[in-house]
Amino acid sequence: MGGGYTSGANVNVYYIHGCSGNDGNSGDNNHFGSTGAWKTVQFALDQIAADHDGSEDGNEYRIMQTTDDSTFYQLGGAHQTAVQLVPNWSHYHEPLITGSNITGGVDGTQVVIDGRNLSGVTAAMFQINVATCDRLKLANLHFDGKDAAYWCVYHVSDNHNLHMINCRFSQAVDDGYNSVYGAAADDTGGQYNTMSHCRFDNNGGMGYRQHTSHASYGVFYKCLFDHNGQDGGYFGYYENIIGCVFSYNGSDGCRWNNSGAFM
């Protein structure tokens, strides 16, 4: 996701700008006229669900950096009216949702999503409740729970091959990233997910929690798990942990639930 990154010829790119965008725009460009950026992230997620451009797979959605992301990307605030972000598409669209710099370029700039208004709600800032988000990719985003959001990201078990690239999950009341909460049959963790260059830090519970028998075959590459109240990361079957750092966590840094791990 470094400098010079460009999309494929058949990938449609859309833009979101929490300050100057407008959900009445087309979203097609990084400016603010009628063919320019959308305003709200949830509106972009709804456009994926509506398949508004007639393309099922692989489009890219760039959330542009603003002068004050914590204001303009504050969930449930004046600009991002949805209290939490909920992808709800029923087909496997496989989008990339990424932060970008102030001009819409993807160069590793992390855009902050602010969760301070989720206080008292047992839910995530980014709550994946449907089983049709296979191959969703999130990149260059900092989900900041502000000690108010219960989780930064949650997803149900039937999602596979999710990719998180250069993302940060911090200051949740409970876990930074959770895919296993509860006793219901579908709360059993995901498979074949990849976390690359991500940070899980300063959460009240675990940095990353995915440890049941259905949570397996994940890859964690050069991630940092630090200053969490409980375990840094709690992993399941056949997980691959490569080049990661576990530091200053309240319980175990790296904790295994089952066999076949590679570290």
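Undergrad: Explain the environment of Glu 60 to me, using residue names and the numbers behind them.
TA: Looking at the element boundaries, Glu 60 is found in strand E2 (residues 60–64). A polar atom in the side chain of Glu 60 sits 2.7 Å from the side chain of Arg 62.

Undergrad: Pulling in residues and values, what's your account of the state of the cysteines?
TA: A complete count under the given rule lists zero disulfides for this structure. Of the cysteine sulfurs around Cys 167, a residue in no disulfide, the closest is that of Cys 198, at 5.0 Å. Since its relative accessible area comes to 1%, Cys 167 is described here as buried.

Undergrad: How would you explain the packing of aromatic side chains if you had to name every residue and give the values?
TA: Applying the stated criterion across every chain, the model contains 23 aromatic pairs. Relative to Tyr 61, the ring of Trp 38 has its centre 6.5 Å away and its plane inclined at 20°; by these criteria the two rings are stacked. Of this pair, Trp 38 sits in the loop between strand E1 (13–16) and helix H1 (41–50) while Tyr 61 sits in strand E2; the two residues are 23 residues apart in sequence, bridging distant segments of the chain. With a relative accessible area of 4%, Tyr 61 lands in the buried category. Counting every residue linked through ring pairs, the aromatic cluster contains Phe 126, Phe 143, Phe 169, Tyr 177, Phe 200, Tyr 208, Phe 220, Phe 225, Phe 235, Phe 246 and Trp 256. Its end group placed over the ring of Tyr 234, Arg 255 keeps NZ or CZ at 4.1 Å from the ring centre.

Undergrad: Quick one: what's the story with H1, residue by residue and with numbers?
TA: One turn of an α-helix holds 3.6 residues; hence residues three or four places apart share an orientation. Inspection of H1 places Val 41, Gln 42, Ala 44, Leu 45, Gln 47 and Ile 48 among the buried residues, and these make up the whole buried set. Downstream of H1 by one or two residues, Asp 51 has phi in the positive range, about 50°.

Undergrad: Please provide a residue-by-residue account of the pattern of salt bridges, values included.
TA: Applying the stated rule across the entire model yields eight salt bridges. In this structure, Asp 144 and Lys 146 form a salt bridge, with 3.5 Å as the shortest nitrogen-oxygen distance. Judged by relative accessible area, which is 7%, Asp 144 ranks as buried. The partner of Arg 168 in a salt bridge is Asp 201, and the shortest N-O contact between them spans 2.9 Å. Here Asp 201 lies in strand E13 (residues 199–201) and Arg 168 lies in strand E10 (residues 168–170), a separation of 33 residues in the sequence. The exposure class of Arg 168 is partly exposed, given its relative accessible area of 23%.

Undergrad: Can you lay out a nonpolar patch on the surface for me, pointing to particular residues and giving the numbers?
TA: Taken together, the side chains of Tyr 192, Tyr 217 and Tyr 238 define a hydrophobic patch exposed on the protein surface, amounting to about 300 Å² of accessible area. Its location among the elements puts Tyr 238 in the loop between strand E17 (233–235) and strand E18 (240–242).

Undergrad: If you had to explain the sheet that holds E18 to someone new, which residues and values would you point to?
TA: What links the strands of a sheet is backbone hydrogen bonding, and the strands pair in either a parallel or an antiparallel sense. Reading across the sheet, the eight strands line up as E1-E2-E3-E6-E9-E12-E15-E18 and stay open at both edges, with parallel pairing between neighbours. Each end of this open sheet is capped by a strand with a single partner; those strands are E1 and E18. Each strand axis lies, on average, 10° off the axis of its neighbour in the sheet, ignoring direction. Inspection of the sheet shows strand E12 (residues 194–196) paired to strand E15 (residues 219–221) by three bridges, in the parallel sense. If you follow Ser 196 over to E15, its bridge partner there is Tyr 221. Most of the contacts of H1 go to E2, to which it runs at about 175°, and overall it touches E1, E2 and strand E3 (96–100).

Undergrad: Now, about the confidence of the model for the protein: what can you tell me, with residues and values included?
TA: Confidence along the protein averages 90 in pLDDT terms, with 90% of residues attaining 70 or more. Contacts of residues 1–5 to residues separated by more than four positions or lying in other chains number 16 contacts, the stretch itself having pLDDT below 50.

Undergrad: Run through the pairing of strand E8 (residues 151–155), naming residues and quoting values.
TA: Along E8, five of the five residues are buried, which leaves the element largely enclosed by surrounding structure. Here strand E5 (residues 124–128) pairs with E8 via four bridges, running parallel. Within the sheet, the bridge partner assigned to Ile 128 lies in E8 and is His 155.

Undergrad: Describe in detail unusual backbone geometry, supporting the description with residues and values.
TA: Although it is not a glycine, Gln 171 adopts a positive phi angle of roughly 55°. Tracing the backbone shows Gln 171 in the loop between E10 and strand E11 (177–178). Taking relative accessible area as the criterion, Gln 171 reaches 27% and is therefore assigned partly exposed. Located in the positive-phi region is Lys 222, a residue other than glycine, with phi close to 50°. For Lys 222, the location among the structural elements is in the loop between E15 and strand E16 (224–226). Overall, the relative accessible area of 44% leaves Lys 222 in the partly exposed class.

Reading the values: the criteria
- Residues numbered from 1 in each chain as written.
- Predicted model: local features only at pLDDT ≥ 70, side-chain atom pairs only at ≥ 80, totals over all residues.
- Heavy atoms only, no water.
- Helix = DSSP H or I, 4+ residues; strand = E, 2+ residues; numbered from the N terminus.
- Polar contact = N/O pair within 3.5 Å; in protein donor to acceptor, adjacent residues only side chain to side chain.
- Disulfide = S-S within 2.5 Å.
- Buried < 20%, exposed > 50% of the residue type's maximum accessible area, 1.4 Å probe, protein only.
- Phe/Tyr/Trp six-rings, centres within 6.5 Å; stacked < 30°, edge-to-face > 60°.
- Lys NZ or Arg CZ within 6 Å of the ring centre and 35° of its normal.
- Salt bridge = Lys/Arg side-chain N within 4 Å of Asp/Glu carboxyl O.
- Patch = residues over 30% accessible without salt bridge, like charges linked within 9 Å, V, L, I, M, F, W, Y side chains within 5 Å.
- Areas by Shrake-Rupley, 256 points an atom, 1.4 Å probe, with all protein chains shown as cover.
- Pairing = 2+ DSSP bridges.
- Axes fitted to C-alpha atoms, helices over the stretch in contact; angles between N-to-C directions.
- Contact = heavy atoms within 4.5 Å.
- pLDDT = per-residue confidence, 0-100.

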